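Chain and residue survey
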Amino acid sequence: MTASSNICNTPYPPPLAQQNGLPTTLPSSMKCLDDTDSHNRILTRRLLPIALFFVAFATVMSVLILYMDNTAMKHHQFTLSLSKDMELNGIAQDDPQLIMYLREVALFPAIEPHQKSFEVQEPTFADTEFVLKLLNFKKNGIFVEAGAYSDGKTSKTEVLERKFNWKGLLIQPDPRHYFNLRRHNRAKSQCVHACLSPMPYPREVTLHNENDVKINDIRSNSIDNPDWLVIRVKCFPLYSLLLAMNSSNVDYLSLATDGTELQVLETLPFDRVKIEIIGVDLSENDSDIGIIKKFLASKKYQFMDKFNGTYIFMMNRVKI
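Bear in mind that the values here come from a model prediction, so they are computed numbers and not experimental data. (Residues numbered from 1 in each chain as written. Predicted model: local features only at pLDDT ≥ 70, side-chain atom pairs only at ≥ 80, totals over all residues. Heavy atoms only, no water.)

Considering helix 3 (residues 126–134)
To keep it simple, the criterion reads: Here's how the labels work: a residue is buried when its accessible area is under 20% of the maximum for its type, exposed when over 50%, partly exposed in between, all with a 1.4 Å probe on protein chains only. Only DSSP runs of H or I covering at least 4 residues are called helices, and only runs of E covering at least 2 are called strands; the numbering of each starts at the N terminus. By definition, residues are in contact when any of their heavy atoms lie within 4.5 Å.
All of the buried residues along helix 3 are Asp127, Thr128, Phe130, Val131, Leu132 and Leu134. Packed against the buried residues of helix 3 are helix 4 (158–164), strand 9 (249–255), strand 10 (274–281), strand 11 (301–307) and strand 12 (310–315). Where helix 3 ends, the next residue or the one after it, Asn136, has phi of about 55 degrees, a positive value.

Now the structure itself:
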């Protein structure tokens, strides 16, 4: 027999002794496994964990790729949705639930008790002085100012509140200027973090500010990019806010809404509200002033004067 012969075919060697006359030779059925089978089993034991690892790795990677693709798609859809205005046109501007929401949730005292207030400033504006003259320096009046403290420090109605005991509503959509507004401690007035809707129903829009911090760039996908910040703000009809503050009679409306002044005025039901004087802030090259003059003339308002881009209108029936 050669060395390459299968040793499993060789019988066990005879024992050195016998006991009780019984043979001690093992039966032929009890033979060792074939070397080839033994080798295959050892190889299988070594390769099986590796194969299982690659299968698990491929499964996990497939699931991860699908998850990342799905997440990226949802993020893209979410970002696109933030760039679109929400038109809540099913809610009327005099809806009782909307008015209750504004009173209970949206309107706040124009103060910030937990922050050190700014020093009292009473800047004088030529248009505000003109309004006071038209109203014979009236005391205890009511104002509404849209765009109050838009530059972070000024308001056209501050002198009315501090010196003539007026009260009213300050409207500011930009959150940075809104908190500055409250730190001016306008204790007699209320404020709202919102914009004025150009439609006779509420809206929700994305606030754009290209002069300071870029926001709402739907192409941005990194927090290191300053464009990642998206500011959503609610817009309410002016008439809804007047109802919420329980005042359909206003002595002075100061309107600065960055291009939607005409649309805001068109939402007002002038047969239900009484506004003595309206000040409209427009840029020098704004072409809407002719249309605004014509519109307000149809509502019995007379153009009085212009002060640095602010156009003053007064009801015709008031004697000057």
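Structural notes on the confidence of the model for the protein chain
The test is simple: Confidence scores per residue from the predictor, reported as pLDDT, run from 0 to 100.
Mean pLDDT over the protein chain stands at 80; residues scoring 70 or higher make up 72%. Below a pLDDT of 50 lies the segment residues 1–8, which in the model reaches six contacts outside its immediate sequence neighbourhood of four places, other chains included. Scored below 50 in pLDDT, residues 211–228 makes 28 contacts in the model with residues more than four places away or belonging to other chains.

A closer look at the sheet that holds strand 6 (residues 195–196)
Filter applied, for reference: Only strands joined by at least two bridges in the DSSP assignment are considered to pair.
Strand order in the open sheet formed by four strands is 1-7-8-6, and the pairing between neighbours is mixed. Each of the sheet's edge strands pairs with one partner strand only, and the pair in question is strand 1 (86–87) and strand 6. Looking at chain direction, strand 1 and strand 7 (residues 203–207) are connected through two bridges and run antiparallel. The partner of Glu87 across the bridge, within strand 7, is Arg203.

What to know about the state of the cysteines
Selection criterion: When two cysteine sulfur atoms are found within 2.5 Å, that pair is recorded as a disulfide.
As enumerated under the stated definition, the model contains one disulfide in all. Each sulfur of the disulfide joining Cys195 and Cys235 lies 1.7 Å from the other. Of this pair, Cys195 sits in strand 6 while Cys235 sits in strand 8 (residues 231–236); the two residues are 40 residues apart in sequence, bridging distant segments of the chain. Across the pair, exposure class does not vary: Cys195 and Cys235 are buried alike.

Looking at the sheet that holds strand 5 (residues 186–192)
Rules: To get an axis, fit a line to the C-alpha atoms, keeping to the stretch in contact for a helix; angles then go from 0 to 180 degrees between the N-to-C directions.
Read from one edge of the open sheet, eight strands run 2-5-4-3-9-10-12-11, paired in mixed fashion. Pairing within the sheet leaves two strands with one partner each, and these edge strands are strand 2 (107–110) and strand 11. Averaged over all pairs of adjacent strands, the angle between strand axes in this sheet comes to 20 degrees, irrespective of strand direction. In this structure, strand 4 (residues 167–171) lies alongside strand 5, joined through three bridges in parallel fashion. Along strand 5, the bridge assignment pairs Ile171 with Val192. Strand contacts of helix 2 (residues 96–106): strand 2 and strand 5, with the helix running at about 40 degrees to strand 2, the strand carrying the most contacts.

Focus on the nonpolar core
Note the cut-off: In plain words, nonpolar cores are sets of buried Ala, Val, Leu, Ile, Met, Phe, Trp, Tyr and Cys residues tied together by side-chain atoms within 4.5 Å.
The biggest cluster of nonpolar side chains holds 41 residues, and the ones touching the most others in it are Val144, Leu265, Ile278 and Leu296. For this core, the element with the most residues is helix 6 (residues 238–244), which contributes five residues. The residues touching Val144, leaving out its near neighbours within four places in the chain, are Leu169, Ile171, Leu238, Leu242, Met245, Val250, Tyr252, Leu253 and Ser254. Residues Phe164, Leu170, Ile312 and Met314 belong to the second largest nonpolar core, which totals 22 residues.

Some points on unusual backbone geometry
For Asp258, which is not glycine, the phi dihedral falls at a positive 60 degrees. The residue Asp258 is located in the loop between strand 9 and helix 7 (261–266) in this model. Despite not being glycine, Lys300 shows a phi value in the positive range, around 70 degrees. Looking at the secondary structure, you find Lys300 in the loop between helix 8 (289–298) and strand 11.

Some remarks on a nonpolar patch on the surface
Here is the rule: Every patch collects residues that have over 30% relative accessible area and no salt bridge, joining them within 9 Å if they carry like charges and within 5 Å if they are nonpolar side chains (Val, Leu, Ile, Met, Phe, Trp, Tyr). All accessibility values rest on the Shrake-Rupley procedure with a 1.4 Å probe; residue burial counts only the protein chains present in the view. Within this document, salt bridges are pairs made up of a side-chain nitrogen of Lys or Arg and a carboxyl oxygen of Asp or Glu, the two lying within 4 Å of each other.
A contiguous nonpolar surface patch, about 1100 Å² in accessible area, is contributed by Leu43, Leu47, Ile50, Phe53, Phe54, Phe57, Met61, Leu64, Ile65, Tyr67 and Met68. Examined against the element boundaries, Met61 turns out to sit in helix 1 (residues 35–82).

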